[in-house]
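A look at the structure
Each chain, written out:
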Amino acid sequence: MKSLPDAYLPLLAFIRPARARTDVWRVFLVWMGFEAGFAITPLLVAPFIDDRWPDALLEVLNYAGFGLDLIIILILVRLLHKRGLGSLIGPRPAFWRDLRRVLLAVSLVLVIQQPFDLAGDAEFLTRAPLGHWLGWLVPAFLAIALQVTTEEVYFRGYLTQQLAAVDLRRRVWLVIPSVYFGFSHLLNGAGLAEGALWAVWAAMLGAACADLTARTGNLGAAIGLHLGNNLFAALILGFAGQPGAGLTLFVLPEGAYIENTAGIAALLSPMTLVDLAYAALGVLVMWLAARVAVRA
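What you see is a predicted model; the values in this text were computed from it and never measured.

1. So, the pattern of salt bridges
Evaluated as defined, the whole model comprises 6 salt bridges. Across the salt bridge formed by Glu-152 and Arg-156, the nearest N and O atoms sit 2.7 Å from each other. Taken together, the residues Glu-152 and Arg-156, both in helix 8 (residues 137–166) and 4 residues apart, mark about one turn of the helix. The residues Glu-152 and Arg-156 share a single accessibility class, namely buried. Of the charged contacts in the structure, one is a salt bridge between Asp-211 and Arg-215, with a shortest N-O distance of 2.7 Å. With Asp-211 and Arg-215 both in helix 10 (residues 192–216) and 4 residues apart, the pair spans about one turn of that helix.

2. Structural notes on helix 3 (residues 55–64)
By the burial criterion, the buried members of helix 3 are Ala-56, Leu-58, Glu-59, Val-60 and Tyr-63. Looking at the buried side of helix 3, the elements it contacts are helix 4 (66–81), helix 7 (130–135), helix 8 and helix 11 (220–235).

3. Notes on the layout of surface pockets
The space that makes up the second largest pocket amounts to roughly 270 Å³. If you trace the second largest pocket, you find 14 residues lining it, with Val-24, Val-27, Phe-28, Leu-159 and Leu-163 closest to the centre. Counting residues per element, the lining of the second largest pocket draws most heavily on helix 8, which supplies 5 residues.

4. So, the side chain of His-81
With respect to the helices and strands, the residue His-81 is situated in helix 4. At a separation of 2.7 Å, a polar atom in the side chain of His-81 contacts the side chain of Tyr-158. Apart from residues no more than four positions distant in its own chain, His-81 is found in contact with Arg-21, Arg-26, Val-27, Val-30, Leu-76, Tyr-158 and Gln-162.

5. Considerations on the packing of helix 4 against helix 8
Interhelical geometry of helix 4 versus helix 8 gives an angle of 25 degrees and a closest axis separation of 8 Å. For the element pair helix 4 / helix 8, the angle class is roughly parallel. For the crossing formed where helix 4 meets helix 8, the hand is left-handed. Across the interface between the two elements, Phe-66, Gly-67, Asp-69, Leu-70, Ile-73, Val-77 and His-81 of helix 4 pack against Leu-146, Gln-147, Thr-150, Glu-151, Val-153, Tyr-154, Tyr-158 and Gln-162 of helix 8.

6. Let's talk about a nonpolar patch on the surface
A contiguous nonpolar surface patch, about 630 Å² in accessible area, is contributed by Ile-40, Leu-44, Val-45, Leu-68, Ile-71, Ile-75 and Leu-79. Those elements that provide at least two residues to the nonpolar patch are helix 2 (24–45) and helix 4. Element by element, the count of residues in the nonpolar patch is highest for helix 4, at 4 residues. Mapping Val-45 onto the fold places it in helix 2.

7. Regarding the sheet that holds strand 3 (residues 250–252)
Strand pairing within a sheet occurs via backbone hydrogen bonds; the two strands may be parallel or antiparallel. The sheet built from 3 strands is open, its strands ordered 1-3-2 with mixed pairing. Since the sheet does not close on itself, it has two edges, and those belong to strand 1 (126–127) and strand 2 (237–239), each with one partner. Judged from the 2 bridges that link them, strand 1 and strand 3 form a sheet pairing that is antiparallel. Looking at the pairing, Thr-126 lines up with Val-251 of strand 3.

8. Concerning the nonpolar core
In terms of nonpolar packing, the biggest core is built from 74 residues, with Leu-11, Val-102, Tyr-154, Tyr-158, Trp-173 and Leu-225 touching the most fellow members. Looking at this core element by element, the count peaks at 11 residues for helix 8. Not counting the four nearest positions on each side in its chain, Tyr-154 is found in contact with Val-30, Trp-31, Phe-34, Ile-73, Leu-159 and Tyr-180.

9. Regarding helix 4
The first and last C-alpha atoms of helix 4 sit 22 Å apart over 16 residues, in line with the 22 Å expected at 1.5 Å per residue. The complete set of buried residues in helix 4 reads Phe-66, Gly-67, Asp-69, Leu-70, Ile-73, Leu-76, Val-77, Leu-80 and His-81. The inward-facing, buried residues of helix 4 abut helix 2, helix 3, helix 5 (85–89) and helix 8. Residue Lys-82 follows helix 4 closely and has a positive phi angle near 60 degrees.

10. Quick look at the environment of Arg-170
On the secondary structure map, Arg-170 appears in helix 9 (residues 170–183). Taking relative accessible area as the criterion, Arg-170 reaches 42% and is therefore assigned partly exposed. Aside from chain neighbours lying at most four places away, what touches Arg-170 is Pro-5, Tyr-8 and Val-175.

11. Topic: the confidence of the model for the chain
In the predicted model, the chain carries a mean pLDDT of 90, and 91% of its residues have values of at least 70. Taken element by element, the chain is modelled with least confidence in helix 12 (residues 263–267), mean pLDDT 55, and with most confidence in helix 8, mean pLDDT 98.

12. Points about the environment of Gln-114
Here Gln-114 is to be found in helix 6 (residues 92–119). Look at Gln-114 and you get buried, because its relative accessible area is 15%. As a C-alpha pair, Gln-114 and Arg-171 span 57 residues in sequence and 33 Å in three-dimensional space. Residues contacting Gln-114, with those up to four places away along its chain left out, are Phe-232 and Ile-236.

What counts, and at which threshold
- Residues numbered from 1 in each chain as written.
- Predicted model: local features only at pLDDT ≥ 70, side-chain atom pairs only at ≥ 80, totals over all residues.
- Heavy atoms only, no water.
- Salt bridge = Lys/Arg side-chain N within 4 Å of Asp/Glu carboxyl O.
- Helix = DSSP H or I, 4+ residues; strand = E, 2+ residues; numbered from the N terminus.
- Buried < 20%, exposed > 50% of the residue type's maximum accessible area, 1.4 Å probe, protein only.
- Contact = heavy atoms within 4.5 Å.
- 1 Å grid on protein atoms, 1.4 Å probe; cavity = no way out; pocket = protein on both sides within 12 Å on 5 of 7 lines; lining within 4 Å.
- Points joined across faces, edges and corners; volume = space filled by probe spheres on them.
- Polar contact = N/O pair within 3.5 Å; in protein donor to acceptor, adjacent residues only side chain to side chain.
- Axes fitted to C-alpha atoms, helices over the stretch in contact; angles between N-to-C directions.
- Parallel < 35°, antiparallel > 145°, perpendicular 65-115°, else oblique.
- Left-handed = near helix turned anticlockwise from the far one by under 90°.
- Patch = residues over 30% accessible without salt bridge, like charges linked within 9 Å, V, L, I, M, F, W, Y side chains within 5 Å.
- Areas by Shrake-Rupley, 256 points an atom, 1.4 Å probe, with all protein chains shown as cover.
- Pairing = 2+ DSSP bridges.
- Core = buried A, V, L, I, M, F, W, Y, C linked by side-chain atoms within 4.5 Å.
- Expected span 1.5 Å × (residues − 1).
- pLDDT = per-residue confidence, 0-100.

Right, here's the structure in full:
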């Protein structure tokens, strides 16, 4: 079995619970069950949701809905691997310590970065009523934390552990879940270029989180980085009339950016490549801040 670099030795303790049951068919069934659950749960919840409810409430419920997927993951892992949440997140003291440190470090980086990101659109921005924004801050934080935890438990917890228990090569336990994570974001965009941008960015974020997990031996740092990113993405800037705008502090008018996002030409356009480079730089800076925070 290929040895790990010294920086990744904490991964060995993290994957120990997965070594008891490494059968491929078990992983396949968990994967199938998760994907089926992810597709079905919105259909089960939809009859209880009214689209006329406030946008902020609908967004919070959308994020909180990931809790159902987390329950599915935990049931599947319990049935097929005989283990629970504790085995998926790593030692709890280190988990909570790394989560707090990385969330703070990434948030500080993004607080510094956000004014520069917003400066170019300052003349178009409108600010949501501060009382409304603050009133939804705690529910939004909790719901987004649930969404992030669900994704990290599945991608960087379960999949990373099971794959590394079989093969310690990074192309297996780091690259495969990260690419899978990226593809799961492909439909987030309005066209091919935007969808590809989402997918590549998510794959890079997934790789950064997997790297942190291996360096620390728990999910705390990965959740801290992912949560900091998603909080700022969901709560700072949105587009009027688009999903997510109900929770943001600043809103751009509908049609503020009109560009062709379909087809290969759009995928290879200079603007898309610039956006991709900027996204990669953003992930790199957050990852470096996280490493400094956990001294890894």
